[in-house]
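Listed below are the residues making up each chain.
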Protein chains: 2
Amino acid sequence: MIDRQHLKIIKAIYTCGSMTEAAASLHLSQSALSHAMKKVETTYKVPVWRKEGRKLVLTQAGRSILGLAERVLPQFEHTESMLHRMAQGKQGILRIGMECHPCFEWLLKVVAPFLKAYPDADVDVRRAFSFGGLQALHGFDIDLLLTPDPLRLDTITYTPVFNYEQVLVMSTSHPLASKSFIQPVDLCSETLITYPVELSRLDVFCQFLTPANCAVKAHKTIETTEIMLQMVAAGRGVTALPKWLIQELDEQSELAFRSLGEPGIHKTLYLGHRKGGDPFGLVDKFIEMALSGLHNDDGE
Amino acid sequence: MIDRQHLKIIKAIYTCGSMTEAAASLHLSQSALSHAMKKVETTYKVPVWRKEGRKLVLTQAGRSILGLAERVLPQFEHTESMLHRMAQGKQGILRIGMECHPCFEWLLKVVAPFLKAYPDADVDVRRAFSFGGLQALHGFDIDLLLTPDPLRLDTITYTPVFNYEQVLVMSTSHPLASKSFIQPVDLCSETLITYPVELSRLDVFCQFLTPANCAVKAHKTIETTEIMLQMVAAGRGVTALPKWLIQELDEQSELAFRSLGEPGIHKTLYLGHRKGGDPFGLVDKFIEMALSGLHNDDGE
DNA sequence: CATGATTTATGAATTTATTTCATCAATAAA
DNA sequence: TTTATTGATGAAATAAATTCATAAATCATG
């Protein structure tokens, strides 16, 4: 029977590149690993490793076991860490994932009161997912997903938690600041600064420029919101961000913002979570708190 | 350290309702289970079971372990069965899931030549998913998903494999059979027979009746296509099915079909699969075969 | 409430599995 | 060829799981 230990060993050999190293990393003798591998190979009558010179290479069978290990081991570890927390009388860790850059600023405002209200609960916020936020939610890597596009799935429930308007941001002295709202053609001669993500996830493109068949003069990407805004204030380009974010960060009022199109681009942030199976009820508590502190930036 | 065996034991006690029964089902002594549970409880310093009378009830901690077990154990079992097949020199099992009832008939036509071409590969077709087809694909319960709605996810690739037209089916003597195509209002006085699935998954409603703000006189559901068609032939109602399916099943030509709306409702079936990690390459082979035998029922 | 049937818990013994130790064989570099 | 380095192997030691026998608790029943 394949055991958790076997998975750990196969994974360690694979990542370390050799049995000797893997043995050290697992605090076991090299012999132990060799015996363990031999046991798997004899019980299933399938080689797991093939020797090429003195490198060990996974066989097809080995690769399927490694796949199992990579899917399954993190889940063991997470459950164990939950158990440890329970033993200490603490509540769980709420792992929140985010799919949109400026979500983070909003999240901070909910996380702070949540941590205060539930001192025995921890929050962990993750921004990067190897396989996308939904997968992470799904594969139990996170418990809550903050996202602007609630992809309907049977097992996942979304709750709208925040409405906001996405506006074009420019320096107060920028010519476009004199307009009452922005039209797609207005951006043809501008430098647009965005976060470094796929274009398909940027609303300025998908909902504004592309439908109007317009393009910008230049497109730069910047990671951090603060730097982005400094660039914009310095007249080096324009960007599109949630209105509330600008109102909050632009203390010296160096920035102006205008709606994208006459109606403006209106967005909703959703919190997605798996249906059922929330040991501490933390997910529900967080959503409740997010809703109670609900503030709309959407002029409603 | 929580082990696969611990998970099996917790799951067995939970499903059997008692340790004694669980012990029998696992071919172990009751004492073994008791000791195993005690070990988990002492290493994590958390109770897993609470005794209510002489029933065992899972604690919060127990429920998280059970959750882990239910997510993880099937994956162990599947990997093991793959290993057994590899040992026999066989190729894997291709587990295909379906999300639309009439897909099955189409699938049969691809599966037959596939099994002939790859005699060492097995195919398993599943129709019911506890958490939806995508979840099943994702959670490694199936390898291939045949679906009419390709929900875009980063980890899943869709290949269109079949175009068809969804038509309204009626008995040849039915008054609607005299029309050249069906309009939504035509159905207001009809009994509509469908498969027993959510309305949101039925195109007659979503793409035809609801947009036109029309309703049918009555709505009946029937599981099997054959019975459905007999009901229709007997003049007991009308139904909506792929055109090719009718052409194939209606040998005595008791049935007539007409397009839903002048353009008709045109659908595409997609085969979805996880990116990467297909130990035998069976997924690719199947898709290739599905495409090579590609027949369009869409008049193109 | 006493009795018997049934269920879980426990300590000691037993069996099974894992790990180490010492050593060999194979590989790659010097 | 010599010399590290790496994996493989059998025997011994250690650790873990399992059983056995039995106790304690629960529940139904006369």
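All of these numbers come straight from a predicted model, not from anything done at the bench.

Our next topic: the overall build of chain A. Counting secondary structure elements, chain A contains ten helices and twelve strands. For chain A, whose C-alpha radius of gyration is 25 Å, the value lies well above the compact-globule estimate of 19 Å for 300 residues. Within chain A, the fraction of its 300 residues that count as buried is 49%. Residue pairs at least 24 apart in sequence account for 72% of intrachain contacts in chain A once pairs closer than 6 positions are excluded. Split by element, the accessible area of chain A, about 14,100 Å² in all, is 51% carbon and sulfur. Taken together, the 31 basic and 34 acidic charged side chains of chain A have centroids lying 10 Å from each other.

The next point concerns the packing of helix α2 (residues 19–26) of chain A against helix α3 (residues 30–44) of chain A. For any two helices packed against each other, the geometry comes down to the angle between their axes and how far apart the axes lie. Residue and element names in this part refer to chain A. Relative orientation of the contacting elements α2 and α3 amounts to 110 degrees, with a least axis distance of 8 Å. Taken together, the axes of α2 and α3 lie roughly perpendicular to each other. Here M19, T20, A22, A23 and L26 of α2 come into contact with α3, specifically with Q30, L33, S34 and M37. Residues that form the contact of α2 with α3 fall into these classes: six nonpolar, three polar and no charged.

Moving on: the state of the cysteines. Residue and element names in this part refer to chain B. A full pass over the atoms with the stated rule returns two disulfides over all chains. Here C100 is linked by a disulfide to C103, with a sulfur-sulfur distance of 1.5 Å. Looking at the unpaired C206, the closest cysteine sulfur is the one in C100, lying at 14 Å. You can call C206 partly exposed: its relative accessible area is 37%.

Right, let's get into the interface of chain B and chain A. Contact with chain B, which involves 38 residues of that partner, is made by 38 residues of chain A. Summed over both sides, the interface of chain B with chain A buries roughly 3,700 Å², with 67% coming from carbon and sulfur. When the area that chain B buries against chain A is broken down by residue, the three leading residues are Y44(B), R71(B) and L83(B), summing to 15%. At the surface where chain B touches chain A, the tally comes to zero salt bridges. Of all elements in the fold, only α1 (4–16), α4 (60–87) and α6 (133–138) of chain B reach the threshold of two or more residues within the side of chain B that touches chain A. At 15 residues, the largest contribution of residues to the side of chain B that touches chain A is made by α4(B). Of the residues that constitute the side of chain B that touches chain A, the class distribution is 20 nonpolar, ten polar and eight charged.

We now examine the relation of the copies chain B and chain A. Between chain B and chain A, the superposition needs a rotation of 179 degrees and an axial shift of 0.1 Å, giving an RMSD of 0.3 Å. Such a turn and shift between the copies fits a two-fold axis.

All names here are of chain A. The domain architecture assigned to chain A consists of domain 1 (4–87), domain 2 (97–154 + 270–292) and domain 3 (163–266). Between domain 2 and domain 3, the C-alpha centre-to-centre distance is 27 Å. In this assembly, seven residues from domain 2 lie in contact with ten residues from domain 3. Taken over both partners, the interface formed by domain 2 and domain 3 buries close to 760 Å², and the fraction arising from carbon and sulfur atoms is 58%. Contact with domain 3 buries area across many residues of domain 2, yet H101, P102 and E105 alone supply 68% of it, more than any other trio.

All names here are of chain A. Tallying each qualifying case throughout the model produces 20 salt bridges over all chains. Between R126 and D124 there is a salt bridge, and its shortest N-O distance comes to 3.2 Å. Through salt bridges with shared partners, a single network forms among R95, D143 and R274.

Here we take up the protein's contact with DNA strand C. S29(A), S31(A), K39(A), T20(B) and R54(B) are the nearest of the 20 residues found near DNA strand C. Near-protein atoms of DNA strand C (within 4 Å) split between backbone and bases, with sugar and phosphate holding 59%. Separating a base oxygen of DNA strand C from a side-chain N or O atom of H35(A) is a distance of 3.1 Å. Contact between DNA strand C and T20(B): a phosphate oxygen at 2.4 Å from a side-chain N or O atom of the residue. For the surface near DNA strand C, the secondary structure elements donating two or more residues are α3 of chain A together with α2 (19–26) and α3 (30–44) of chain B. Examining the composition of the surface near DNA strand C, we find that five residues originate from one element, α3(B), more than from any other. Of the residues that constitute the surface near DNA strand C, the class distribution is four nonpolar, eleven polar and five charged.

What follows deals with the side chain of S64(A). Here S64(A) is to be found in helix α4 (residues 60–87). For S64(A), a relative accessible area of 13% puts it in the buried group. With residues near it in sequence (within four places) discarded, S64(A) still touches T79(B) and M86(B).

Taken together, 20 residues surround DNA strand D, and among them M19(A), T20(A), R54(A), S29(B) and S31(B) come closest. Here, DNA strand D places atoms within 4 Å of the protein, and 60% of those atoms are sugar or phosphate. S29(B) has a polar backbone atom sitting 2.5 Å from a phosphate oxygen of DNA strand D. Take R54(B): an N or O atom from its side chain is 2.8 Å from a base oxygen of DNA strand D. Mapped onto the surface near DNA strand D, the elements with two or more residues apiece are α2 and α3 of chain A together with α3 of chain B. The greatest single-element share of the surface near DNA strand D, amounting to five residues, is contributed by α3(A). For the surface near DNA strand D, the residue count by class is four nonpolar, eleven polar and five charged.

It is worth spelling out empty space enclosed by the protein at this point. By rolling a water-sized probe across the atoms, one finds the places where empty space is left. Residues and elements named next belong to chain A. Tallying each qualifying case throughout the model produces one cavity of 30 Å³ or more. Quantified by volume, the largest cavity comes out at close to 30 Å³. In terms of lining, the largest cavity is formed by M1, I2, H6, K39, V40, T43 and Y44. At four residues, α3 tops the list of elements feeding residues into the lining of the largest cavity.

Moving on, we get to α3(B). Because each turn of an α-helix spans 3.6 residues, side chains separated by three or four positions in sequence point in the same direction. With 15 residues, α3(B) ought to run about 21 Å at 1.5 Å a step, and its terminal C-alpha atoms sit 22 Å apart, in line with that. Along α3(B), the positions that sit buried rather than exposed are L33(B), A36(B), M37(B), V40(B) and Y44(B). The buried residues of α3(B) occupy an angular sector of 95 degrees when the element is viewed end-on, so they sit on one face. Exposed and oriented more than 90 degrees from the buried face of α3(B) are H35(B) and K38(B). Taken together, the buried residues of α3(B) touch α4 of chain A together with α1, α2, β1 (49–52) and α4 of chain B. Looking one or two residues beyond α3(B), the residue adopting positive phi is K45(B), at roughly 55 degrees.

The rules behind these values
Residues numbered from 1 in each chain as written. Chains lettered and ligands numbered in written order. Predicted model: local features only at pLDDT ≥ 70, side-chain atom pairs only at ≥ 80, totals over all residues. Heavy atoms only, no water. Helix = DSSP H or I, 4+ residues; strand = E, 2+ residues; numbered from the N terminus. Rg over C-alpha atoms; globule rule 2.2 N^0.38 Å. Buried < 20%, exposed > 50% of the residue type's maximum accessible area, 1.4 Å probe, protein only. Contact = heavy atoms within 4.5 Å. Areas by Shrake-Rupley, 256 points an atom, 1.4 Å probe, with all protein chains shown as cover. Lys, Arg positive; Asp, Glu negative; His and termini not counted. Charge placed at Lys NZ, Arg CZ, Asp CG, Glu CD. Axes fitted to C-alpha atoms, helices over the stretch in contact; angles between N-to-C directions. Parallel < 35°, antiparallel > 145°, perpendicular 65-115°, else oblique. Nonpolar A, V, L, I, M, F, W, Y, C, P; charged D, E, K, R; others polar. Disulfide = S-S within 2.5 Å. Buried area = accessible area lost by both parts, 1.4 Å probe. Salt bridge = Lys/Arg side-chain N within 4 Å of Asp/Glu carboxyl O. Least-squares fit on C-alpha atoms with pLDDT ≥ 70 in both. Domains from an automatic or database assignment. Near = heavy atom within 4 Å. Polar contact = N/O pair within 3.5 Å; in protein donor to acceptor, adjacent residues only side chain to side chain. 1 Å grid on protein atoms, 1.4 Å probe; cavity = no way out; pocket = protein on both sides within 12 Å on 5 of 7 lines; lining within 4 Å. Points joined across faces, edges and corners; volume = space filled by probe spheres on them. Expected span 1.5 Å × (residues − 1). Arc of directions from axis to C-beta.

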